[in-house]
Amino acid sequence: MAKTHQYRFCFGPWNFSEGADPYGPPTRPVQTFDWKLAQLKKLGFDAMMFHDDDAVPDIDGKTDAQIRKEAKELKKKLDGEGIAAEMVAPRLWFSPMTVDGAYTNNDPKCRAYAVERSLRCIDIARCLGTDLIVLWLAREGTYLREAKSARRSTELLVAALDKMLAHDPKIRLAIEPKPNEPMDHAYLPTIGHALAIAQLTRDPRRVGALVESAHAILAGLDPSDEMAFAMKFGKLWSLHLNDQNGLKFDQDKPFGSTNLRSAFNQVRVLEEGQYGRRGEYVCFDVHPFRPTKVEHWLAHLDNSRRTFLRLVEKVRTFDQAKASQLIADRDYQALDQLVIEHLLNG
Ligand code: GLO
Ligand code: MG
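Read on for a plain summary of the structure. These figures come from a predicted structure and were not determined experimentally.

Examining the site of ligand 1
The full set of residues close to ligand 1 is W14, H51, A89, W93, W136, E176, K178, E212, H215, H240, D250 and D285. One nitrogen or oxygen atom from the side chain of H51 is found 2.6 Å from an oxygen atom belonging to ligand 1. E212 is positioned such that a nitrogen or oxygen atom in its side chain is 2.8 Å from an oxygen atom of ligand 1. For ligand 1, the protein covers 94% of the area, taking 330 Å² as the surface of the free molecule. For the shell around ligand 1, a count of residues per class yields four nonpolar, three polar and five charged.

Next up, the structure:
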């Protein structure tokens, strides 16, 4: 495919996924990080996104100096391969200290752990040459409403964000909202919540957002609207494109797999807002279907990018003049069909 687009692509080591789910074990063998990096390169992607412990395994047992040393070694490896680190995200949902939440845990010792770990994550990001920290606030919410105070939790979230912003004057925090799973209800379920809480922090300009298509759908929202809204604030700093079939568990399907028209509209607003022109990456947070054989292991990543690029062409060749006429005439039936036939053609 000719490189006439401005996009650069990214995914994370977890997007290989070995196929384990709550009801069964892995269906593909565990692979090393080096194997994953080699596959990313083979596919011609530009960057990798990281959890803090993807970058520095067993991070909780290591000293600051050791963490920085290992992060610098990883940076050398990435440089050697010509791969950038897009972001680093603190994995705040695995430790015994985050069972009842990270920044909003009812236990002050657990909250302190979550903040400390986030500061280490920032150090890793700086060693890897990125200023972007992604916060998927997995356990910041409740299973039952009476267990926590939503008002107090908002204050605790702001306090944690402030500590991160103070730790490094250059880093930017991109909140990745998700309305549920693993929680019943999350405290920051939408982009509106992410951008609103940014205003309460010590430096609102450095707190932005990442939209994941599936998370928006789980919140009953249109992913393209979430993207356009964040972009209008200059705050769409990353993307997790994927797909989701209705209100179920988070499926992380290949981009466009369930709803091609929704995918078209996501690409449409990204084109309109010139996403990528300020260095943002198009990341796919997708997983292979569990029955996927080892020999087909990379297809969900390659396919997501292919679909994305096909949709870029679809957006660029859409008959906008015709669409504008139909809009002026309030003929939305014909507009609907214009879109459908455009997507069906070729
Ligand atoms: C899960 C999230 C998850 C995050 C990743 C980065 O629902 O989408 O994959 O994107 O852990 O923080
Ligand atoms: Mg995600």
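What to know about the packing of aromatic side chains
Summed over the entire model, instances satisfying the criterion amount to 16 aromatic pairs. Taking the centre distance of 5.9 Å and the plane angle of 10° together, the rings of F9 and F284 count as stacked. Taken together, the residues F9 in strand β1 (residues 9-11) and F284 in strand β10 (residues 282-284) connect sequence positions 275 residues apart. F9 sits in the buried class, given a relative accessible area of 3%. An angle of 75° between the planes, with centres 4.9 Å apart, marks the rings of F11 and F45 as edge-to-face. Pair noted here: F11 is in strand β1 and F45 is in the loop between α1 (33-42) and β2 (47-51), with a separation of 34 residues, a long-range link. Take F45: its relative accessible area is 4%, and that puts it in the buried class. Sitting above the plane of the W297 ring, R28 keeps its charged end 5.5 Å from the centroid. Here the basic side chain of R172 rests over the ring of W237, its NZ or CZ set 4.9 Å away from the ring centre.

A short note on the packing of α1 against helix α3 (residues 64-81)
Where α1 meets α3, the closest approach of the two axes is 11 Å, and the angle between their N-to-C directions is 30°. Relative to α3, the element α1 is oriented roughly parallel. The way α1 lies across α3 gives a crossing that is right-handed. Touching F33, D34, L37 and K41 of α1 are L74, K77, L78 and E81, all from α3. A per-class count over the contact of α1 with α3 returns four nonpolar, no polar and four charged.

Considerations on the state of the cysteines
For the structure on display, the rule yields zero disulfides. No disulfide involves C10; its nearest neighbouring cysteine sulfur is the one of C283, lying 3.3 Å away. On the basis of relative accessible area, C10 is assigned to the buried category, the value being 0%. C110 takes part in no disulfide bond, and the closest cysteine sulfur, belonging to C121, lies 19 Å away. The exposure class of C110 is buried, given its relative accessible area of 9%.

Concerning the environment of L78
In this fold, L78 is placed in helix α3. L78 gets classed as buried once you look at its relative accessible area, which sits at 1%. Between the C-alpha atom of L78 and that of M48, which follows or precedes it by 30 residues, the distance is 9.0 Å. Aside from chain neighbours lying at most four places away, what touches L78 is L37, F50, I83 and A85.

Considerations on the side chain of T130
Checked against the element boundaries, T130 lands in the loop between α4 (108-128) and β4 (132-135). The buried category is assigned to T130, whose relative accessible area is 6%. Polar side-chain contacts of T130 include one of 2.8 Å to the backbone oxygen of E86. Among the polar contacts listed, one links the side chain of T130 to the backbone nitrogen of L132, at a separation of 3.1 Å. Not counting residues within four places of it along the chain, the set of residues in contact with T130 comprises A85, E86, M87, V88 and A125.

A look at the pattern of salt bridges
Per the stated rule, a full pass over the model turns up 27 salt bridges. Linking D79 and K75 is a salt bridge whose minimum nitrogen-to-oxygen distance equals 3.0 Å. Remark: K75 and D79 occur in helix α3; sequence separation between them is four residues, near one turn of the helix. With a relative accessible area of 46%, D79 lands in the partly exposed category. Between D168 and R126 there is a salt bridge, with its nearest N and O atoms 2.9 Å apart.

Structural notes on the pairing of β4
Side chains L132 and V134 of β4 all project onto a buried face; the interleaved residues I133 and L135 project onto the opposite face, where all are buried too. Examined bridge by bridge, β4 and strand β6 (residues 172-175) share four bridges and lie parallel to one another. Residue pairing across strands places L132 opposite R172, the latter belonging to β6.

Each value, and the rule that gives it
- Residues numbered from 1 in each chain as written.
- Chains lettered and ligands numbered in written order.
- Predicted model: local features only at pLDDT ≥ 70, side-chain atom pairs only at ≥ 80, totals over all residues.
- Heavy atoms only, no water.
- Near = heavy atom within 4 Å.
- Polar contact = N/O pair within 3.5 Å; in protein donor to acceptor, adjacent residues only side chain to side chain.
- Areas by Shrake-Rupley, 256 points an atom, 1.4 Å probe, with all protein chains shown as cover.
- Nonpolar A, V, L, I, M, F, W, Y, C, P; charged D, E, K, R; others polar.
- Phe/Tyr/Trp six-rings, centres within 6.5 Å; stacked < 30°, edge-to-face > 60°.
- Helix = DSSP H or I, 4+ residues; strand = E, 2+ residues; numbered from the N terminus.
- Buried < 20%, exposed > 50% of the residue type's maximum accessible area, 1.4 Å probe, protein only.
- Lys NZ or Arg CZ within 6 Å of the ring centre and 35° of its normal.
- Axes fitted to C-alpha atoms, helices over the stretch in contact; angles between N-to-C directions.
- Parallel < 35°, antiparallel > 145°, perpendicular 65-115°, else oblique.
- Left-handed = near helix turned anticlockwise from the far one by under 90°.
- Contact = heavy atoms within 4.5 Å.
- Disulfide = S-S within 2.5 Å.
- Salt bridge = Lys/Arg side-chain N within 4 Å of Asp/Glu carboxyl O.
- Pairing = 2+ DSSP bridges.

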